[in-house]
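Residue-level structural notes
Here is what each chain is made of, one letter per residue.
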Amino acid sequence: MKYVFHKDSGKLSQEEKWHLNRYLELSGELRTACQLKEAYRVWFSNAKERGQ
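The structure reproduced in this document is the subject of the present report. If you're wondering where the values come from, they're calculated on a predicted model, not measured in any experiment.

1. A closer look at the packing of aromatic side chains
Inspection of the entire model under this criterion finds three aromatic pairs. Ring centres of F5 and Y23 lie 5.7 Å apart, and the angle between their planes is 40°; this geometry places the pair in the tilted category. Taken as a pair, F5 in the segment before α1 (14-26) and Y23 in helix α1 lie far apart in primary sequence, 18 residues in all. Under the relative-accessibility criterion, F5 is labelled partly exposed at 22%. With 5.9 Å between their ring centres and 25° between their planes, Y40 and F44 make a pair best called stacked. With Y40 and F44 both in helix α2 (residues 28-50) and four residues apart, the pair spans about one turn of that helix. The class of F44 is partly exposed, set by a relative accessible area of 40%. Put simply, the rings of Y40, W43 and F44 touch in pairs and so form one group of aromatic residues.

If you want it as structure tokens, here you go:
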């Protein structure tokens, strides 16, 4: 299930979301890393749209 950390959180299936939330409940550091990954993904997507 490690691929759930690499996938865009908006594209996860219900089962994948359940697994991701379960892992994130177990580790605060993992939760922080996942939040940073999602923030970077959003920033990168916005930068691509603006052509930067």
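Still to come is the rest of the account.
2. Focus on a nonpolar patch on the surface
On the surface, M1, Y3, Y23 and L26 cluster together into a nonpolar patch covering about 390 Å² of accessible area. Locating L26 in the fold gives a position in helix α1. Among the residues examined, L26 registers a relative accessible area of 60% and is labelled exposed.

3. So, the environment of C34
One can find C34 in helix α2. In this structure the C-alpha to C-alpha distance between C34 and L24, which are 10 residues apart in sequence, comes to 8.3 Å. Not counting residues within four places of it along the chain, the set of residues in contact with C34 comprises L20 and L24.

4. Looking at the packing of α1 against α2
At a minimum axis separation of 5 Å, α1 and α2 run at an interaxial angle of 125°. The pairing of α1 with α2 is recorded here as oblique in orientation. Packed against α1, whose contacting residues are L20, Y23, L24, E25 and L26, the element α2 presents G28, L30, R31 and C34 at the interface. Class assignment of the residues belonging to the contact of α1 with α2 gives a composition of six nonpolar, one polar and two charged.

Conventions adopted
- Residues numbered from 1 in each chain as written.
- Predicted model: local features only at pLDDT ≥ 70, side-chain atom pairs only at ≥ 80, totals over all residues.
- Heavy atoms only, no water.
- Phe/Tyr/Trp six-rings, centres within 6.5 Å; stacked < 30°, edge-to-face > 60°.
- Helix = DSSP H or I, 4+ residues; strand = E, 2+ residues; numbered from the N terminus.
- Buried < 20%, exposed > 50% of the residue type's maximum accessible area, 1.4 Å probe, protein only.
- Patch = residues over 30% accessible without salt bridge, like charges linked within 9 Å, V, L, I, M, F, W, Y side chains within 5 Å.
- Areas by Shrake-Rupley, 256 points an atom, 1.4 Å probe, with all protein chains shown as cover.
- Salt bridge = Lys/Arg side-chain N within 4 Å of Asp/Glu carboxyl O.
- Contact = heavy atoms within 4.5 Å.
- Axes fitted to C-alpha atoms, helices over the stretch in contact; angles between N-to-C directions.
- Parallel < 35°, antiparallel > 145°, perpendicular 65-115°, else oblique.
- Nonpolar A, V, L, I, M, F, W, Y, C, P; charged D, E, K, R; others polar.

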